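Structural overview for review
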Amino acid sequence: MAVSDNVKALLLSAVMLAAALALWELAIPGSQSGGQLSEYEMLSGGGAQQASVPPPSAVIEKAVTELSQPFYDNGPNDKGIGIQIGYSLYRVLTGYLLAALVAIPIGFLIGMSPLMYKALDPFIQVLRPISPLAWMPLALFVIKDSQTSAIFVIFICSIWPMLINTAFGVASVRKDWINVARTHELSPLKTAFLVILPAAAPTIVTGMRISIGIAWLVIVAAEMLVGGTGIGYYVWNEWNNLDLTSVIFSILMIGVVGMLLDAAFARLQRAVQFQE
Amino acid sequence: MSRSFIEISNLAKRFPASKGGKPLTVLENADFTIERGEFVCIIGHSGCGKSTIMNILAGLDVPTEGGIIMDGKEVSGPSLERGVVFQNYSLLPWLSALKNVMFGVRARHPEWSRAQVQEHSLKYLHMVGLTGGAELRKPAQLSGGMRQRVSIARAFAIQPKLLLLDEPFGALDALTRGTIQDELLRIWSGTQQTVFMITHDVDEAILLADRILLMTNGPHARIAESVVVDIPRPRKRGEIIHHPGYYKIRNHLVDFLTYRSKELAGTHTRGAPNRPVTVRPAADEAEAEAGEPADSRPRLVSAAS
């Protein structure tokens, strides 16, 4: 029977997942109820629950309960996972869209004007390697609002890949296509929208895809710092609660959401891709 | 002397000296005319500045000296009055063949409705033989010949006063090239479009052109001769090789390209007349057909064209 490579890969993935989960489950010692209690345990009331890494079965159980009611809200420290992720997505998308609004036009300018490229290059080279979290204290002081500061941090980290890719994409548009625009007497604005933008779109969207990935990495750290809401805060809060089941569950959720964001941009990338 | 449709006067392109080098003169003293409805080919070795002349005519490049007057107006910058077909087709790869032609038509006639633009574009695509769904494909899904057809359709569809063809068939295989040459000839004879075309192919030039300009080798390249193709139209690929004048013209061109383009390179002195010498290798045959006597030597006609 001919089985396609996709099916084979899927089966192999399932086998690997099952093996990893089985190893994990077996590696966790069973419940501590049995066996001799230590002196300390007896003193402290005996049978006090000892924190340990939870087995996968516990994580799956947790996931089922959390995902069955993702949007409940029982006060500041007890919100559904859907609400937390919603807050994070809101910050990421706001900061990211603002960054796109700034980065793509400036990238266009730099890409079209070698003079502007040279003039702005030193600033970009110095600002780009700064860890986005290093901006946090300054942002908190200037903006005086932790939520907006988180958005600012996302803004500042998303801007660079989009800016640099847009500039590169615009600068490397084939001379022939520009000549087509020139021989058809297109205005600079029409040339930008009808020729340069579609020609540079694959490179620009690649930059956008890199940016959204970085923004999603950074939001977790930023929310751990600013606190209050969001998936990053949730992870840190559950760590403070010593609820490792929730920590592992939320780590997985961060991965899934990041994957979905990337997949959305991969789809956009395919839409603007062209074959020469 | 009445003014010609296009007058190219004393064109030169020089590049300033790079560090430690001499200034480079690509071509100089290019001085010729093109009449309305004329099909002119230009032949020369690589590096002689053919493409420079083409780019200056298109308005994509600026001459160091001299200028061009077309239809009473000076050429300064690119214009829809001059359509260009580039060797590498220069189609926009993210647009379908039809959209590529519509791109040009829309630029030419911004006031037209979408339906008008599409109808006009389809007419020209059909004229070059792109039908039955091929017009909806992207350039990458078309063969080289098909792509060049689209490019030709785009140029003809904007109905420019002058059509510039930069080695349009250079990248095509011989069979495809023949077919598209025939098509170009058919379309041209229908529109009486003025055409200026660069080619490397002697037979192609004889088949298509009214007049063939010959360039000496560069640097300091110039246009040495203007060869009149005295073969009556309509011409057919299979028939013109039997025309008594065909090989006279062909031999003249090959002889020029093999020997004299080198010998004449850089021989020009300033102040001498710039106009290329007009040569009519097949004048006898043309006259014979017209019933006039003629001597048997290829003749040099006066320098003025």
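The structure presented is a predicted model; accordingly, all values stated were derived computationally and were not measured.

1. Quick look at the overall build of chain B
What chain B contains, in helices and strands, is nine helices and twelve strands. Taking 305 residues into account, the globule formula puts the C-alpha radius of gyration at 19 Å, and chain B, at 20 Å, falls close to it. The buried share of chain B, reckoned over its 305 residues, is 43%. Partitioning the contacts of chain B with sequence separation of at least 6, the portion at a separation of at least 24 is 71%.

2. Thoughts on the interface of chain A and chain B
The interface is formed by 14 residues belonging to chain A together with 16 residues belonging to chain B. For the side of chain A that touches chain B, the secondary structure elements donating two or more residues are α8 (175-183) and α9 (188-226) of chain A. Sorting elements by how many residues they give to the side of chain A that touches chain B places α8(A) first, with six residues. Classifying every residue of the side of chain A that touches chain B by side-chain character gives six nonpolar, four polar and four charged.

3. Section: the nonpolar core
Membership of the largest hydrophobic core comes to 135 residues, with the highest contact counts inside it found for A:Val153, A:Ile154, B:Ala153 and B:Ile212. Looking at which element gives the most residues to this core, the answer is α9(A), with 17 residues. Residues in contact with A:Val153, not counting those within four places in the same chain, are A:Pro132, A:Leu133, A:Trp135, A:Met136, A:Ala139, A:Val218 and A:Ala222.

4. Looking at unusual backbone geometry
All names here are of chain B. Look at the link from Arg 233 to Pro 234: it is a cis peptide, with omega at 0 degrees. Tracing the sequence through the fold places Pro 234 in the loop between β10 (223-228) and α7 (237-240). Of note in this structure, Asn 29 is not a glycine but carries a positive phi near 55 degrees. Secondary-structure assignment places Asn 29 in strand β2 (residues 24-34).

The rules behind each value
- Residues numbered from 1 in each chain as written.
- Chains lettered and ligands numbered in written order.
- Predicted model: local features only at pLDDT ≥ 70, side-chain atom pairs only at ≥ 80, totals over all residues.
- Helix = DSSP H or I, 4+ residues; strand = E, 2+ residues; numbered from the N terminus.
- Rg over C-alpha atoms; globule rule 2.2 N^0.38 Å.
- Buried ≥ 20, exposed ≤ 12 C-beta atoms within 10 Å, placed from the backbone.
- Contact = placed C-beta atoms within 7 Å.
- Nonpolar A, V, L, I, M, F, W, Y, C, P; charged D, E, K, R; others polar.
- Core = buried A, V, L, I, M, F, W, Y, C linked by C-beta atoms within 7 Å.

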